[in-house]
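Structural description and commentary
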Amino acid sequence: MIKLEDDYDRQERGQCFLWRHKKLLFSLGGLLALVVYGTSCVTGATYDTVVAHGCHKPRCRKIEPIIPAFNKSVDMIFNDVEYKKATIERLSGAIKIPTEIGDVFPEPSEDREYFKYFFEFHDYLEKSYPLVYDQLTVEKVNELGLLYTWKGSNTSLQPILFMAHQDVVPVNRKTLDEWEHPPFSGYYDEETDYIWGRGALDCKNLLTAELEAIEQLLKDGYTPERTTLVSFGFDEESSGTKGARELGKFLDERYGKDSIYTIIDEGGGVTELEENLFLALPVNAEKGYVDVLITIDGRGGHSSKPPDHTTIGVASKLISLIEDHPFEQSFALDNPIFRALTCSAEHSSNIPSSLKRNILGAPHSRKKEHALAEFLASHVAYRDLIRTTGAVDIITGGIKANALPEVTAFLLNHRIEIHSSVNDTLEADLYHAKKIAKKYGYGLSFKGEPVIPETSLGVIEINTRYELEPAPVSPTSGPVWDLFAGTIQNVFENGVFAGNKDADMYIATYLSTGNTDTKYYWNLSKNIYRFIASQFDKETLHVVHSVGERIKADNHLSAIAFVYQYSVNAGNAE
Ligand SMILES: *[C@@H]1O[C@H](CO)[C@@H](O)[C@H](O)[C@H]1NC(C)=O
Ligand SMILES: *[C@@H]1O[C@H](CO)[C@@H](O)[C@H](O)[C@H]1NC(C)=O
Ligand SMILES: *[C@@H]1O[C@H](CO)[C@@H](O)[C@H](O)[C@H]1NC(C)=O
Ligand SMILES: *[C@@H]1O[C@H](CO)[C@@H](O)[C@H](O)[C@H]1NC(C)=O
Ligand SMILES: [Zn+2]
């Protein structure tokens with residue numbers, strides 16, 4: 001299990017003793033407890049409040065905002081009407097170029113016509129961000145991948161890397177008339193502040209935010225000490241194999257293992273938990289992935305003389321067995337959602353008190369940790385974040401009413417829990433397949449190797465199509481995290497919420513069940529954070545990849561402000 005290394009641990013160590021020994025202390029009497037331990041905790045509090053609230057040290061502390069030393073355009077980005085207008089125009093122009101990507105496509109070097117919109121997109125970026133193209137080195141990796149290098153004055157400092165992707169999910173042409181404003185219109189509605197179109201949330205917003213910020217820093221005359229890199233893949237919505245994978249290799253060769261200070265990519269945003277209570281949710285871990293292809297390779301024949309179970313029948317037995325034995329939950333405190341839960345429990349008034357006690361008590365009590373795990377496992381919103389999932393997504397078998405199906409095949413898609421592995425997951429599938437093979441008299445093979453010899457009935461074959469381990473959990477303590485979190489805090493506390501004295505904002509973390517292009521960048525840095533500094537807009541949460549994708553321009557401005565400020569804060573940090 002991964003060791004919990006964040007400030008929960010550091011903070012709790014001090015109060016752990018008190019907590020673990022509260023029964024003992026109680027028997028000694030509250031007064032003594034306060035005399036002995038009170039001063040290190042909450043001076044003057046009664047014993048009851050100490051026990052009820054630990055040492056009163058908040059577990060989800062507010063982070064000190066870090067104001068960038070160079071902040072020439074910070075105000076302008078938030079408040080200048082002309083700047084906002086020009087920014088909207090540039091994002092809107094980016095949306096107008098339909099860089100859709102399907103699941104199957106040619107090599108970019110072999111079919112330039114297929115990728116014509118991507119080339120148009122490159123020209124558009126060059127026109128829209130002239131200083132970036134003038135002063136940064138722009139390289140193309142595998143024809144369409146873009147890598148920008150803004151060389152810092154001190155090359156012994158590790159570079160920062162901002163990521164995004166150029167491609168968008170295709171628009172289903174059958175849904176065109178459901179769009180209030182066409183998906184490639186980039187229409188801006190002044191009244192609602194929405195910019196409409198495919199890519200408005202995923203991911204032309206982030207892509208342009210990064211270039212906007214750097215363009216502005218260049219205009220402002222800022223020179224970074226740390227080199228700043230920007231990389232844009234072009235097939236994230238497919239598999240990333242031609243874009244980010246090639247970019248990752250390229251960066252690996254140029255900079256080497258653990259050579260990058262931080263990597264920032266698309267991911268979580270800022271959510272309003274209740275009125276004026278906000279959580280920033282950078283994603284610092286991702287579940288793993290494997291597609292398992294299971295083929296029941298049997299015998300044909302006339303359907304008037306069927307065996308007890310056709311290959312379709314055997315496949316159904318196996319599917320039932322798999323569905324009836326879901327993976328166990330394996331919640332642990334290093335799961336990124338625990339930080340979000342802790343912040344909610346500590347600062348929200350809407351959490352039932354028993355749940356609150358279990359969340360806040362989990363670091364000190366196995367029983368409370370267990371109760372919390374049970375709660376999470378029984379809620380649809382959480383259970384998939386703490387266990388491996390399996391879903392049978394594709395099945396084929398049989399072609400004719402009077403012919404037995406020789407072959408039935410299905411695809412089982414797994415998303416792997418962060419403490420588990422591809423190996424654990426496949427072992428579980430194999431275990432079920434072995435049972436079925438034995439029970440129904442079939443052989444079994446795994447990746448072409450026999451496990452049980454083929455029989456007269458046939459063989460169950462198991463292969464995998466795509467394997468990805470869970471992503472390493474990025475740290476949530478230490479100087480790199482502190483600078484990242486402190487910058488987010490500043491962007492919101494002193495920027496977005498500057499006019500709202502009641503706004504309260506905390507930095508938590510979250511876990512993603514999907515994978516971004518960062519999956520090809522793990523070797524480059526331990527500090528990978530998937531975060532766009534925009535507020536989640538409740539009305540548009542469901543429109544990513546779907547009809548009605550749109551973003552509020554103000555939410556886009558904060559994303560620009562973050563890249564601007566983080567470039568400065570991290571760009572000069574040792
Ligand atoms: C800019 O930096 C100065 C000096 O640290 C600070 O006083 C000022 O509040 C900052 N302005 C903004 C908008 O961050
Ligand atoms: C899992 O790992 C073990 C130990 O390395 C190995 O023997 C086994 O074959 C692996 N299982 C699968 C399904 O790959
Ligand atoms: C990371 O490095 C390991 C060991 O050098 C290598 O096997 C692996 O393919 C690399 N991963 C990626 C995503 O490049
Ligand atoms: C460059 O950064 C390194 C590492 O932090 C530091 O030791 C060195 O003094 C810096 N050099 C300059 C010229 O600032
Ligand atoms: Zn995306």
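Criteria and cut-off values
- Residues numbered from 1 in each chain as written.
- Chains lettered and ligands numbered in written order.
- Predicted model: local features only at pLDDT ≥ 70, side-chain atom pairs only at ≥ 80, totals over all residues.
- Heavy atoms only, no water.
- Helix = DSSP H or I, 4+ residues; strand = E, 2+ residues; numbered from the N terminus.
- Buried < 20%, exposed > 50% of the residue type's maximum accessible area, 1.4 Å probe, protein only.
- Contact = heavy atoms within 4.5 Å.
- Areas by Shrake-Rupley, 256 points an atom, 1.4 Å probe, with all protein chains shown as cover.
- Near = heavy atom within 4 Å.
- Polar contact = N/O pair within 3.5 Å; in protein donor to acceptor, adjacent residues only side chain to side chain.
- Nonpolar A, V, L, I, M, F, W, Y, C, P; charged D, E, K, R; others polar.
- Core = buried A, V, L, I, M, F, W, Y, C linked by side-chain atoms within 4.5 Å.
- Donors = N, O, S within 2.8 Å, 3.2 Å for Na, K, Ca; no water.
- Tetrahedral: all angles 85-135°; square planar, octahedral: opposite > 155°, others 65-115°.
- Salt bridge = Lys/Arg side-chain N within 4 Å of Asp/Glu carboxyl O.
- UniProt positions renumbered as here; feature names shortened; annotations may be inferred.
- Phe/Tyr/Trp six-rings, centres within 6.5 Å; stacked < 30°, edge-to-face > 60°.
- Lys NZ or Arg CZ within 6 Å of the ring centre and 35° of its normal.
- Pairing = 2+ DSSP bridges.
- Axes fitted to C-alpha atoms, helices over the stretch in contact; angles between N-to-C directions.
- Expected span 1.5 Å × (residues − 1).

This paragraph deals with the overall build of the chain. Each helix and strand in the chain was counted, giving 18 helices and 19 strands. Per-residue burial over the chain gives 55% buried out of 574 residues. A fraction of 78% describes how many contacts in the chain between residues 6 or more apart in sequence connect residues 24 or more apart. Summed over its atoms, the accessible surface of the chain is roughly 25,600 Å², and 51% of this surface lies on carbon and sulfur atoms.

Turning next to the site of ligand 2. The environment of ligand 2 is formed by N423, L426, E427, L430 and F446. At a separation of 2.3 Å, an oxygen atom of ligand 2 approaches a polar side-chain atom of N423. Interatomic distance of 2.6 Å between a side-chain N/O atom of E427 and a nitrogen atom of ligand 2. Of all the elements, helix α16 (residues 422-440) adds the most residues to the shell around ligand 2, at 4 residues. A breakdown of the residues in the shell around ligand 2 according to their chemical character gives 3 nonpolar, 1 polar and 1 charged.

Here we take up the nonpolar core. Residues L125 and Y148 are the most contacted members of the largest nonpolar core, which totals 63 residues. Considering every element that reaches this core, the biggest residue donor is helix α18 (residues 553-571), with 10 residues. Beyond its immediate stretch of four places on either side in the chain, Y148 contacts L125, V132, Y133, L136, T137, V138, L211, T228, L229, V230 and F232. Membership of the second largest hydrophobic core comes to 26 residues, among which are L430, Y440, I452 and I460.

Four donors placed tetrahedrally about a metal ideally form angles of 109.5 degrees, and six donors placed octahedrally ideally form angles of 90 or 180 degrees. Taken together, the protein ligands of the zinc ion (ligand 5) are H165 (NE2), D202 (OD), E266 (OE) and E266 (OE), with distances of 2.0 to 2.6 Å. Geometry at the zinc ion (ligand 5) is irregular, judged from its 4 donor atoms and the angles of 54 to 145 degrees they form at the metal. One chain supplies every donor to the zinc ion (ligand 5), and in sequence these donors are spaced H-x36-D-x63-E. Placement of the pair is H165 in strand β3 (residues 160-165) and E266 in strand β7 (residues 262-274), with a sequence separation of 101 residues. Its relative accessible area of 0% is what places H165 among the buried residues.

This part takes up the pattern of salt bridges. As enumerated under the stated definition, the model contains 20 salt bridges in all. With a shortest N-O distance of 3.1 Å, D193 and K84 are connected by a salt bridge. Note that D193 is positioned in the loop between β4 (188-189) and β5 (194-196) and K84 in helix α6 (residues 81-96), a separation of 109 residues in sequence. In this pair, the class of D193 matches that of K84, namely buried. When the shortest N-O distance is used, the salt bridge between R90 and E212 registers 2.6 Å.

Our focus in this paragraph is the UniProt feature "binding site: Zn(2+) 2" (unreviewed entry) in the chain. With numbering aligned to this structure, UniProt lists the feature "binding site: Zn(2+) 2" (unreviewed entry) at H165, D202 and D265. These annotated residues cover 101 residues of sequence, and their C-alpha atoms all fall within 11.2 Å of one another, placing them together at a single site. Here the side chain of H165 touches D202 through a polar contact of 3.0 Å, side chain to side chain. As for its position among the elements, D265 is in strand β7. By relative accessible area, which is 1% here, D265 ends up buried.

It is worth spelling out the packing of aromatic side chains at this point. The relative placement of two aromatic rings is captured by the distance of their centres and the angle of their planes. In total, this model carries 24 aromatic pairs according to the counting rule given. Their ring planes at 80 degrees and their centres at 6.2 Å tell us that F115 and F234 sit as a pair that is edge-to-face. Linking F115 in the loop between α6 and α7 (116-128) with F234 in the loop between β6 (228-233) and α10 (244-255), this pair joins segments that are 119 residues apart in sequence. The burial state of F115 is the same as that of F234; both residues are buried. Here W481 and F484 contribute two aromatic rings whose centre-to-centre distance is 5.7 Å and whose plane-to-plane angle is 55 degrees, an arrangement assigned as tilted. Taken together, the positions of W481 and F484, both in helix α17 (residues 479-496) and 3 residues apart, correspond to about one turn of that helix. Here W481 matches F484 in class, with each residue buried. Over the aromatic face of F119 sits the side chain of R112, whose NZ or CZ is 4.1 Å from the ring centroid. The ring of Y194 has R550 sitting right over it, with the charged end atom 4.7 Å from the ring centre.

This part is about unusual backbone geometry. Omega for the bond connecting D202 with C203 falls within 30 degrees of zero, at 10 degrees, which places this linkage in the cis form. Among the secondary structure elements, C203 is positioned in the loop between β5 and α9 (204-219). Unlike most non-glycine residues, N276 shows phi in positive territory, near 65 degrees. Residue position: N276 is located in the loop between β7 and β8 (277-280).

Judged by pairing direction, the sheet is mixed, and its 6 strands sit side by side in the order β11-β12-β10-β15-β13-β14 without closing on themselves. Lying at the two open borders of the sheet, with one neighbouring strand each, are β11 (389-397) and β14 (449-452). When strand polarity is set aside, the average angle formed by the axes of neighbouring strands in this sheet is 20 degrees. Bridge count for β11 against strand β12 (residues 407-416) is 8 bridges, and the pairing is antiparallel. In the sheet register, T389 faces β12, and the bridge partner there is R415. Against the sheet, helix α11 (residues 311-324) touches β10 (288-297), β11, β12 and β15 (459-468), its axis set at about 15 degrees to β12. The strands that α16 touches are β10, β12, β13 (443-446), β14 and β15; relative to β15, the one it contacts most, it runs at about 170 degrees.

Spatial ordering of the open sheet is given by β4-β5-β19, a layout of 3 strands whose pairing is antiparallel. Taken across any chain shown, the strands that pair with only one partner, and hence form the sheet edges, are β4 and β19 (550-552). As defined by bridge partners, β5 adjoins β19 across 3 bridges and the pair is classed as antiparallel. The residue of β19 that forms the bridge with Y194 is K552. Along the sheet face, α18 touches β4, β5 and β19 and points at about 75 degrees away from the line of β19.

Since there are 3.6 residues in each turn of an α-helix, residues three or four apart along the chain are aligned in direction. Taking 1.5 Å per residue as the helical rise, α18 with its 19 residues ought to reach 27 Å, and the 27 Å between its terminal C-alpha atoms agrees with that figure. Of all 19 residues that make up α18, 18 are buried, and the element is covered over most of its length.

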